[in-house]
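# Coordinate inspection notes
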Amino acid sequence: MDAVDQTKGNPPVFLLLIGTQVVCLLLALLGFYLTSLKVVIIGDSVGLQVTIGIIGAMATYGVMLSLTRSETTLGKSMRRQSIALIPLFSRLSFFQLLLISIVVGICEELLFRGFLQSWLSELSSPLLGLLISAIAFALLHFSSWTNFFLTLGIGVVLGVVYQVSGSLLGVIIWHAVYDAIVLIVLTQYPHWLGIKVKE
């Protein structure tokens, strides 16, 4: 496994990610405005939703960590992608990583589950709404076919949780906590992923 050189320059990834999320938020708000769609953000059983979000995020990351560390073709591909991402995020502060995670969790869930899945479910069927929104979610994160299918799987899981719970709070927390774990492990503990890092 090639070692990672963290001394290279870093593009303005923070501003790019926040800008992308502003676009997601504006699209969601425009969708809500044009369709008069009503979506429950918090709902009942807040404690249960928070618990499901946190446990779901940890379980999802556990699966992804196991896959990344595996000596399978998939594991090797995931490690290569992780190595490519380390220089992009390694110079961001802990606060920036947390802020990105929270903003992404809120904005993407409002767009993909809150608006798109709900709207498409009303136009067609809950299954079709879930699948199309999960595909759109995966396309936004496309960097390789491996990443597309893994993100598609996560999108389907989040879509099911949203459909069953009837509110966005659980999936927002799930998404934000998952992203926070991913970014913190990637930048602070890449050896957990089976990646050797140059000091």
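Refer to the preceding data block for the structure.
Notes on the structure in this doc start here. All values reported here derive from a predicted model rather than from experimental measurement.

What follows concerns the nonpolar core. Among the nonpolar cores identified, the biggest contains 40 residues, and F89 and L92 are the most heavily contacted of them. Elements with a minimum of two residues in this core: α1 (13-35), α2 (46-69), α3 (73-89), α4 (94-123), α6 (145-165) and α7 (169-188). If one sorts the elements of this core by residue count, α4 sits on top with ten residues. Ignoring sequence-local partners within four residues, the contact set of L92 consists of V13, F14, L97 and I100.

Another point: the environment of V23. Here V23 is to be found in helix α1. For V23, a relative accessible area of 46% gives the class partly exposed. For the pair V23 and L111, spaced 88 residues apart in the sequence, the C-alpha separation amounts to 9.7 Å.

Okay, unusual backbone geometry next. Positive phi is not limited to glycine here, since S36 has a value of about 55 degrees. Turning to its location among the elements, S36 is positioned in the loop between α1 and α2. Notably, S45 is not glycine yet its phi reads approximately 55 degrees, a positive angle. Position of S45 among the secondary structure elements: in the loop between α1 and α2.

Moving on: the layout of surface pockets. Quantified by volume, the largest pocket comes out at close to 1200 Å³. If you go around the largest pocket, you meet 38 residues; those closest to its centre are L85, H141, N147, D179 and V182. At the level of elements, α1, α2, α3, α4, α5 (126-140), α6 and α7 are the ones that each hand at least two residues to the lining of the largest pocket. With seven residues, α7 is the single largest residue contributor to the lining of the largest pocket. The residue makeup of the lining of the largest pocket, split by class, is 24 nonpolar, twelve polar and two charged.

What counts, and where the lines are drawn
- Residues numbered from 1 in each chain as written.
- Predicted model: local features only at pLDDT ≥ 70, side-chain atom pairs only at ≥ 80, totals over all residues.
- Heavy atoms only, no water.
- Core = buried A, V, L, I, M, F, W, Y, C linked by side-chain atoms within 4.5 Å.
- Buried < 20%, exposed > 50% of the residue type's maximum accessible area, 1.4 Å probe, protein only.
- Helix = DSSP H or I, 4+ residues; strand = E, 2+ residues; numbered from the N terminus.
- Contact = heavy atoms within 4.5 Å.
- 1 Å grid on protein atoms, 1.4 Å probe; cavity = no way out; pocket = protein on both sides within 12 Å on 5 of 7 lines; lining within 4 Å.
- Points joined across faces, edges and corners; volume = space filled by probe spheres on them.
- Nonpolar A, V, L, I, M, F, W, Y, C, P; charged D, E, K, R; others polar.

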